[in-house]
Amino acid sequence: MIFDVITAFPGMLEGPLGYSILKRAREAGILTVRVHDLRDWAEDKHHKVDDAPYGGGDGMVLMPGPLFAAVDDIRKTHPADRDRTILFCPQGRPYDQETARRLAGYDRLILICGRYKGVDERVREHLADEAISIGDYVLTGGEIPALAVIDSVTRLLPGALGDEEAPTRDSFWDGSLDHPHYTRPAEFRGHKVPEVLLSGDHGKIAAWRREQARARTAERRPDLLQRRREDDEATKH
Ligand SMILES: C[S@@+](CC[C@H](N)C(=O)[O-])C[C@H]1O[C@@H](n2cnc3c(N)ncnc32)[C@H](O)[C@@H]1O
């Protein structure tokens, strides 16, 4: 899986890509992340990539020229078969585990990080295949969303985690939340680990975990259960 990230602040991505699973996936050749400085495609000698908004108002807007040129160049220099261009935008489609699974099916994702007041609308309309939001709040730029997508997609790539089945046991895989986890000590500040987990009875432990997952999904995220019911209904008809 290849990610081509276009950003005006390339240094922002370096740190998180150098740790843990992302680092190992890169070293193993499972993941390639190329970070491109948008200013390399600036059209003037001052490397300007933003300009004042038409119609007035506060903040600057990323110009379409450098972004279109960057995507064209990346596609030409590094062609990929199953390819998708994504714009990060708080008004985009909400990102979730299902989207991560869908995106993991591509060979390469081009990620466009917005900044300032936003990105010229023509980028969304005529360059990006889709716009993604990572939640109903506003960040200063698309770099943190890009890292969230790279991280969540990488976990799903074959070989990225020691156990390939691991993501299927995490929250959201089948429309429910994960069960609780405990480790040593068995008692901490008077709080005990549930007895069943110390019993060694794997059947009982599995049943307890299933019930915990069901109960906390119902309590914390009833919307997930409702959606699963709707999906089941839809597949019946
Ligand atoms: C300050 S924001 C622009 C917000 C825009 N004026 C609005 O209200 O919709 C600058 C950039 O950060 C990124 N961004 C901010 N919040 C985001 C979110 N929740 N999801 C995805 N991208 C986000 C986008 O790339 C956006 O272009």
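Going by the structure above, here's the rest.
Residues numbered from 1 in each chain as written. Predicted model: local features only at pLDDT ≥ 70, side-chain atom pairs only at ≥ 80, totals over all residues. Heavy atoms only, no water.

1. Observations regarding the site of the ligand
Defined as follows: Working definition: residue near molecule or strand if any one of its non-hydrogen atoms lies within 4 Å of it. Here a polar contact means two N or O atoms within 3.5 Å. Within protein one must be a hydrogen donor candidate and the other an acceptor candidate, and residues neighboring in sequence count only if both atoms are side-chain atoms. Accessible surface area values rest on a Shrake-Rupley calculation with a 1.4 Å probe, where residue burial reflects the displayed protein chains alone. Both cavities and pockets are sets of points on a 1 Å grid over the protein atoms alone; in a cavity a 1.4 Å probe fits but cannot get out, in a pocket the set is open with protein on both sides within 12 Å along at least five of seven lines, and lining residues sit with an atom within 4 Å of a point. A molecule is counted as occupying a cavity or pocket when more than half of its atoms fall within 2 Å of that pocket's grid points. Here a helix means four or more residues in a row that DSSP labels H or I, a strand means two or more in a row labelled E, and each is numbered from the N terminus. Side-chain classes follow a simple rule in which Ala, Val, Leu, Ile, Met, Phe, Trp, Tyr, Cys and Pro form the nonpolar group, Asp, Glu, Lys and Arg form the charged group, and the remainder, Gly included, forms the polar group.
In the region of the ligand, 21 residues are neighbours, and Phe-88, Gln-91, Gly-114, Lys-117 and Tyr-137 sit closest. A distance of 2.8 Å separates a nitrogen atom of the ligand from a polar atom in the backbone of Lys-117. Backbone polar atom of Gly-135 to a nitrogen atom of the ligand: 3.0 Å apart, as the coordinates give it. Here the ligand, which alone exposes 580 Å², has 85% of that area covered by the protein. The cavity where the ligand resides is the largest pocket. Sorting elements by how many residues they give to the shell around the ligand places strand β5 (residues 83–94) first, with 4 residues. The class makeup of the residues in the shell around the ligand is 11 nonpolar, 8 polar and 2 charged.

2. Here's the deal with the layout of surface pockets
Quick reminder of the rule: Grid points are joined across faces, edges and corners, and a volume is the space filled by probe spheres set on the points.
Computed from the structure, the largest pocket encloses a volume of approximately 480 Å³. The wall of the largest pocket is formed by 25 residues, among which Phe-88, Cys-89, Pro-90, Lys-117 and Gly-118 lie closest to the centre. Looking at the lining of the largest pocket, the elements that each hand over two or more residues are β5, β7 (118–119), α5 (121–126) and β8 (130–133). Tallying contributions element by element places β5 first for the lining of the largest pocket, with 5 residues.

3. Topic: the nonpolar core
In plain terms, the rule: Residues belong to a common nonpolar core when they are buried Ala, Val, Leu, Ile, Met, Phe, Trp, Tyr or Cys residues joined through side-chain atoms within 4.5 Å. Each residue's exposure class comes from its accessible area (1.4 Å probe, protein chains only) as a fraction of the maximum for that residue type: buried when under 20%, exposed when over 50%, partly exposed otherwise. A contact between two residues is defined here by any heavy atoms of the two lying within 4.5 Å.
Ranked by internal contacts, the top residues of the largest apolar core, which has 28 residues, are Phe-3, Val-5, Leu-103, Leu-109, Leu-111, Ile-150 and Val-153. Of all elements in the fold, only β1 (2–7), α1 (11–17), α2 (20–27), β5, α4 (97–103), β6 (108–112) and α6 (143–154) reach the threshold of two or more residues within this core. Ranked by residue count, the leading element in this core is α6, at 5 residues. Not counting the four nearest positions on each side in its chain, Leu-103 is found in contact with Met-1, Ile-86, Tyr-95, Leu-109, Glu-130, Ile-132, Val-149 and Val-153. Counting 19 residues, the second-largest nonpolar core is a separate cluster that includes Leu-62, Ile-74, Leu-87 and Ala-128.

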